Number of protein chains: 2
Amino acid sequence: MRDTQHPYVPRDLYLEDYVPVSLSQSIILVVYGASSLLHVSIIWFLSGRSPKITKVDRLLMCWWAFTGLTHMILEGYFVFSPEFYKEKMGFYLAEVWKEYSKGDSRYAARDAAIVAVEGITAVVEGPACILVLYAIATRKSYSYILQFAISLGQLYGTAVYFITSYLEGDNFSTNSLYYYEYYIGANASWVVIPMIVAIHCWRKICGAFEASSPKKTKIR
Amino acid sequence: MRDTQHPYVPRDLYLEDYVPVSLSQSIILVVYGASSLLHVSIIWFLSGRSPKITKVDRLLMCWWAFTGLTHMILEGYFVFSPEFYKEKMGFYLAEVWKEYSKGDSRYAARDAAIVAVEGITAVVEGPACILVLYAIATRKSYSYILQFAISLGQLYGTAVYFITSYLEGDNFSTNSLYYYEYYIGANASWVVIPMIVAIHCWRKICGAFEASSPKKTKIR
């Protein structure tokens, strides 16, 4: 008989040598929250030393630092660790994905669409987020278009993430608590914030065209 | 015994009531080529009547008309016709996808990642391509950012398309001829052209920022 001693749904998902999650949900969240807060605080403090950087840009830098590190470290670990669920030593990043898989077992099952989206996110978008920090701080002309590009990538990735799950029956959560807390809740930020950032950048870019050639270019 | 009287790979793919393709490859290609050429010619002719539209913009309008109609009609039909392989009347759009599935059987098999990407392409990107025609013709300030957004969406979609196939073993073609002709060949345009368009728009947008605030914004 196949071993299905894991907490994930669908129940017939076969995970050989699965090792249960050893850290509690609160410890996982506190470590993620505290380390994110630390990095965001450093960015907020450092960016505040330049009077040329506006408060909106400082807030954006905090977002890009947070999302960039999440993409590279958290999602990067997932992409290159197909056997994270076998991890025995309680390694934090493996624990995160063992826990998150309760909200979406396609992570443990290594669904191709998930790995593709996470791969693009970790390898392309992650480093690009860090480049944005430099672009905002040094007022590069490509700052808004780069932020727009990453935001659009995040929105496209989240769309593929939700649509594929819907098409496959939307039955990958251990229970409705994990469904709303992890699958919906944890991903909501990557729908709402990229949308706000994309609209902000769209307006700035249209504004630049209107300012650069007021007679040639019509206003929206 | 299960009926596997279809030409697709993997051979154990089960397609109930499959009806073989009735149009020849050359007829399918000629109809697609001729109708595309017709639309592109109309756009080239009409856009030429405005002396304000540059040759580059006229070429771009031809591309957007071609890709927009492909997204909405060809890909739109696929998205909303899960049973196209059962079509008995030789309906052209069904024939296209029966034929194309020889290069990638995930279309006939209705793979979730394919449907998600094609859905976003047909429903969001398709109409946006037609909006670009209007934006270029009327010199809207959002013209470049819209073209950039769609190009990036096309690139993201193609990336998910190829990466998911690779992750699942890259074994969805009837033979290597269809692999290179359909799977690689037909999709190559949607890698190369969106990349060129995206770079073109990126430069235009950076240029607008440099022109609008030459002292504030640093050159790349």
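Keep in mind that this is a model prediction, so the values were computed, not measured. Along every chain, residues carry numbers that run from 1 in the direction the sequence is written. Chains and ligands are labelled sequentially in the order written, the chains with letters from A and the ligands with numbers from 1. At least 70 in pLDDT is required for a residue's local features to be given in this predicted model, at least 80 for side-chain atom pairs to be given and counted, and no such filter applies to totals for whole chains, interfaces and linings, which use all residues. Side-chain descriptors were evaluated using all non-hydrogen atoms of the structure, hydrogens and water having been removed beforehand.

So, on to the relation of the copies chain B and chain A. One copy of the chain maps onto the second through a rotation around an axis plus a translation along that axis. By a simple turn and slide, chain B fits onto chain A: the slide is 0.0 Å along the axis, the RMSD is 0.0 Å, and the turn is 180°. Both copies are brought into coincidence by an operation consistent with a two-fold rotation axis. For chain B, the minimum C-alpha distance to the rotation axis belongs to S212 of chain B and amounts to 2.2 Å. Whether two residues touch is decided by their heavy atoms; if any such pair falls within 4.5 Å, the residues are in contact. The residues that chain B uses at the interface reappear at the interface of chain A in 100% of cases, marking a shared surface. The copies were overlaid with a least-squares fit restricted to C-alpha atoms from residues scoring a pLDDT of at least 70 in each copy.

Throughout this description, the term salt bridge denotes a Lys or Arg side-chain nitrogen within 4 Å of a carboxyl oxygen of Asp or Glu. In the structure shown here, the tally under the stated rule is eight salt bridges over all chains. Here D104 of chain A and R106 of chain A are joined by a salt bridge, their closest N and O atoms 3.0 Å apart. Taken individually, D104 of chain A and R106 of chain A each receive the classification buried, so the pair is uniform in this respect. Note that K102 of chain B is salt-bridged to E99 of chain B, the shortest N-O span being 2.9 Å. Both residues of the pair, K102 of chain B and E99 of chain B, belong to the buried class. Exposure categories follow from relative accessible area, calculated using a 1.4 Å probe and restricted to protein chains: below 20% of the type maximum is buried, above 50% is exposed, and the middle band is partly exposed.

All names here are of chain A. We call a pair of cysteine sulfur atoms a disulfide whenever their separation is within 2.5 Å. Tallying each qualifying case throughout the model produces zero disulfides over all chains. Free cysteine C62: the closest other cysteine sulfur is in C129, separated by 13 Å. On the basis of relative accessible area, C62 is assigned to the buried category, the value being 7%. You can see C206 has no disulfide; the closest cysteine sulfur is in C201, sitting 11 Å from it. Exposure remark for C206: the relative accessible area of 0% places this residue in the buried category.

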